[in-house]
There are 2 protein chains.
Amino acid sequence: IAQNKDAAIKKLFDEVHYADIAEILDEVSFDDAIYIIKLLNSEKTSEILTELDEDIREKILENLSAQEIADEIGEMDTDDAADIIGELSDERQERVINALDDEELAADIKELLSYQDNTAGALMAKELVKVYETWTVAGCMRRIRGQAKDVTRVHSIYVVDKEDKLVGRLSLKDLIIAKSDQQIADILKDNVDAVNVNEDDEEVAKIMAKYDLEAIPVVDDNNVLLGRITIDDIVDVLKEEADKDYQLAAGLTQDVDSDDSILQLTKARLPWLFLGLIGGIGAFIIMEGFQGVFEKYASLFFFTPLIAAMAGNVGVQSSAIIVQGLANNDVKGSINSRLLKEMFLAALNGFILALFLFLFVWIYEGSINTGLAISVSLVAVIIVAGLIGTFVPLFLNKRGIDPAIATGPFITTSNDIFGILIYFLIAKLILGI
Amino acid sequence: IAQNKDAAIKKLFDEVHYADIAEILDEVSFDDAIYIIKLLNSEKTSEILTELDEDIREKILENLSAQEIADEIGEMDTDDAADIIGELSDERQERVINALDDEELAADIKELLSYQDNTAGALMAKELVKVYETWTVAGCMRRIRGQAKDVTRVHSIYVVDKEDKLVGRLSLKDLIIAKSDQQIADILKDNVDAVNVNEDDEEVAKIMAKYDLEAIPVVDDNNVLLGRITIDDIVDVLKEEADKDYQLAAGLTQDVDSDDSILQLTKARLPWLFLGLIGGIGAFIIMEGFQGVFEKYASLFFFTPLIAAMAGNVGVQSSAIIVQGLANNDVKGSINSRLLKEMFLAALNGFILALFLFLFVWIYEGSINTGLAISVSLVAVIIVAGLIGTFVPLFLNKRGIDPAIATGPFITTSNDIFGILIYFLIAKLILGI
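Okay, so let's go over this structure. Everything numeric here is computed off the predicted structure, so don't read it as measured data.

**Notes on the sheet that holds strand β2 (residues 157-160) of chain B**
Residues and elements named next belong to chain B. Strand order in the open sheet formed by three strands is β1-β2-β3, with mixed pairing between adjacent strands. Because the sheet does not close on itself, it has two edges, and the strands there are β1 (129-132) and β3 (166-170). Adjacent strand axes in the sheet meet at a mean angle of 35°, parallel and antiparallel pairs treated alike. Sheet topology places β2 next to β3; four bridges connect them, and they run antiparallel. Its bridge partner being in β3, V160 is matched across the sheet by L166.

What follows is the structure, encoded as structure tokens:
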């Protein structure tokens, strides 16, 4: 496409939404991407940069000078600007910030960079519409015309007192409906939700989703208004969180996507596979210990994959239910009552499955004893697997560890080993070997 | 708490946010919940009803008359109203809609109920601020003061022509900044994104997330403006979608949470467990077929749990990456190139793991031959498992089936069987039995 028809390309891209351009740039060759970026005007490219895939953005930024980056940054909202600068090396961060013309912006970005990852502070933007409670509606409208130019979307107007402490909020609608000589203090809504700047971002997401908020102000410990978080950032947090849980359940240790290099994918996949290998070796050692049983009841060994699979599946099911419940804040009651419920549940499921298995073994093998031994062990294995699957995430959560790591290979592997051990112990007992 | 101190309770709850009250009602006894609902004024209770857990809302609605429900519905936004009426039986739906005072609202709700589940139509609300392109800014402001009372939040003002076809949009900000005698047609932005009323809701979510939209207008096939969808509804869609994928990966067939009854939980859990049982029986039959091998190489059998676990884990990892990639629209290239990449990846992972396993078997068992047989089979099993895990979701997706069902027990079970079969076949070949 890029055969030096600059004007044509420029015109073509001018009419396309920046999110679509970002998608195109993700796919074209790297040189073309740089070429197109340099061609377009900086208002558009700054939007494109925020939308690009992180890997590609990193490469493009390496090819821009500190001044060029600073120009792009100057066009961005403070939160996007801080995110992108945060991806640079410390030394380049310095240089880019120093190259910014706008000193206020530089200060805002420095402030945003100072907050810890995954806090409200790291997520918020400095752009907001702020009015003082002593202003009148008419004066307020005048000021808003000025302030609102910097703010992409006005969700709420935040009202502060003379110490910049948050005292209430207003919607543009309230302002339009109000008479122009009324004082802000008389028409503000004082039940304004706000989050502390150090609040965890997932907590912020929960609050905003629960109260259906589209923007929430961020304050410091003294209730001084620092910034605001908008719902589109929260959508990203929710998506990231869901992806992370899903990946943990699938046994991936880091955020990868299918286009990553084989090396990156291996790094994400190998650790849990290695755990599975260790588990398998554990199972081997256990089974070898029961080798003597083989001479009499060889078929017992042929059921180990079944036992291991059931233990794994039941464990994953029960842990997934708990992990989701914890994420949605609806796991109530004590750990003991949870375990009791899971025990009944697993026993019921186990009994139904064991009945079926018993009939199969009885008919196929013609041995009631073997059938009984295998079926009873299956029930026991399912109960234990269910209890482990329920207990581990609850325990991790109590310890402040993300319970989602208890799903997937971790639970499968430990349940495999426990399951096989229990199986042989019980079978041996029943068959009297 | 509820010892007939009505006034005190009323006062207490008046100051609490409806989402918090809904949470409290989810926890108190059912009679208390009904009592509290009847106590509070209907503006608040209608908000509470929309926030309640579906199970509890159903029970509460059963205890209200059609007229009482209609009164609650009258206070709600059209989208929430339609959702709640949609939960009632057909016959009660009729009665409640007939009991509505507001005929326009009744018509809107009937329209919303007529759209299919999981489409833009089922998600949208009828409330929006609509202006005609021929109006002036001043006239527009007057009309908006009227219309905006029904709309909780004004995101965008939609501009239509005289046939109600969508021609553009305006923000309140644009309106405030404009001169009062300008015509709307002169200041509108004509690059307005809209979705068709029959569009899939997940598609709408993707569009809104991609373009960072907070509201999107919904139009019919003739571009006539029908309603709008706001980002808070999309947050719910995203959450539901993530939960569904997670549950499928964990082997749960329906949306359950940990507080559901044992019967409901069994219904969600048993089907996939049953599949696992069938798989296990398949593995049993395969292993029995190789019984003769046992006399010479008993230890081969002790590695079946390891082989099955690795096959399952690799399958889940590769399918999860594909499922997530498909959900994020970033799986590019042909199926063949995907499979080739996965083959390299699985071969690399498999080789590393097999090397470790070989060393273990060699040292522990003292047999190079056995070690070699097991290790080579492991590599083969991992490659096949990776290919199945990659192919199945891509295939399902091509066929228009949700690829997420290919994660979890489905892939684990089929990989268990294939894995064990391949393992014994290759081991037999290498050991020359």
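**Structural notes on the pairing of strand β5 (residues 215-219) of chain B**
Residues and elements named next belong to chain B. Of all five residues in β5, five are buried, a share of seventy percent or more. Burial along β5 is two-sided: the face carrying A215, P217 and V219 and the face carrying I216 and V218 are both buried. Relative to β5, strand β4 (residues 195-196) runs parallel, the two sharing two bridges. From the neighbouring strand, N196 faces β5, where its bridge partner is V219. With five bridges joining them, β5 and strand β6 (residues 225-230) adopt antiparallel strand pairing. Looking across to β6, one finds that A215 is bridged to T230.

**Section: the relation of the copies chain A and chain B**
Note on the identical chains: chain A maps onto chain B by a rotation of 180° and an axial translation of 0.0 Å, with an RMSD of 0.1 Å. Given the turn and translation reported, the copies of this chain are related as if by a two-fold rotation axis. In this assembly the copies share their binding face: 100% of the residues contributing to the interface of chain A also contribute to that of chain B.

**Observations concerning the packing of aromatic side chains**
Applying the stated criterion to the full structure yields 26 aromatic pairs over all chains. Summarising the aromatic geometry, the rings of F284(A) and F360(B) are spaced 5.9 Å apart at their centres and angled 85° between planes, so their arrangement reads as edge-to-face. Placement of F284(A) in helix α16 (residues 262-289) and of F360(B) in helix α20 (residues 335-365) is noted, with the two residues assigned to different chains. Seen in terms of ring centroids, F290(A) and F424(A) are 5.0 Å apart; in terms of plane orientation they differ by 20°. Their pairing is stacked. A residue pair is termed long-range when its members are at least 10 positions apart, and F290(A) in the loop between α16 and α17 (291-294) and F424(A) in helix α22 (residues 409-431) qualify at 134 residues. Pair check on accessibility: F290(A) and F424(A) agree, each one buried. Ring pairs connect the aromatic residues F284(A), F290(A), F301(A), Y423(A), F424(A), F302(B), F303(B), F360(B) and Y364(B), which therefore count as one cluster.

**Some remarks on the pattern of salt bridges**
Under the criterion given, the structure shown has 14 salt bridges over all chains. Here E87(A) makes a salt bridge to R57(A), at a shortest N to O gap of 2.6 Å. Placement of E87(A) in the loop between α7 (78-86) and α8 (90-99) and of R57(A) in helix α5 (residues 54-62) is noted, with a sequence separation of 30 residues between them. Residue classification places E87(A) among the partly exposed positions, given a relative accessible area of 29%. For R57(A), a relative accessible area of 7% gives the class buried. A salt bridge links R95(B) to E91(B); its shortest N-O distance comes to 2.8 Å. A residue pair is termed a helical-turn pair when its members lie 3 or 4 positions apart in one helix, as R95(B) and E91(B) do in helix α8 (residues 90-99) at four residues.

Criteria and thresholds
- Residues numbered from 1 in each chain as written.
- Chains lettered and ligands numbered in written order.
- Predicted model: local features only at pLDDT ≥ 70, side-chain atom pairs only at ≥ 80, totals over all residues.
- Heavy atoms only, no water.
- Pairing = 2+ DSSP bridges.
- Helix = DSSP H or I, 4+ residues; strand = E, 2+ residues; numbered from the N terminus.
- Axes fitted to C-alpha atoms, helices over the stretch in contact; angles between N-to-C directions.
- Buried < 20%, exposed > 50% of the residue type's maximum accessible area, 1.4 Å probe, protein only.
- Least-squares fit on C-alpha atoms with pLDDT ≥ 70 in both.
- Contact = heavy atoms within 4.5 Å.
- Phe/Tyr/Trp six-rings, centres within 6.5 Å; stacked < 30°, edge-to-face > 60°.
- Salt bridge = Lys/Arg side-chain N within 4 Å of Asp/Glu carboxyl O.

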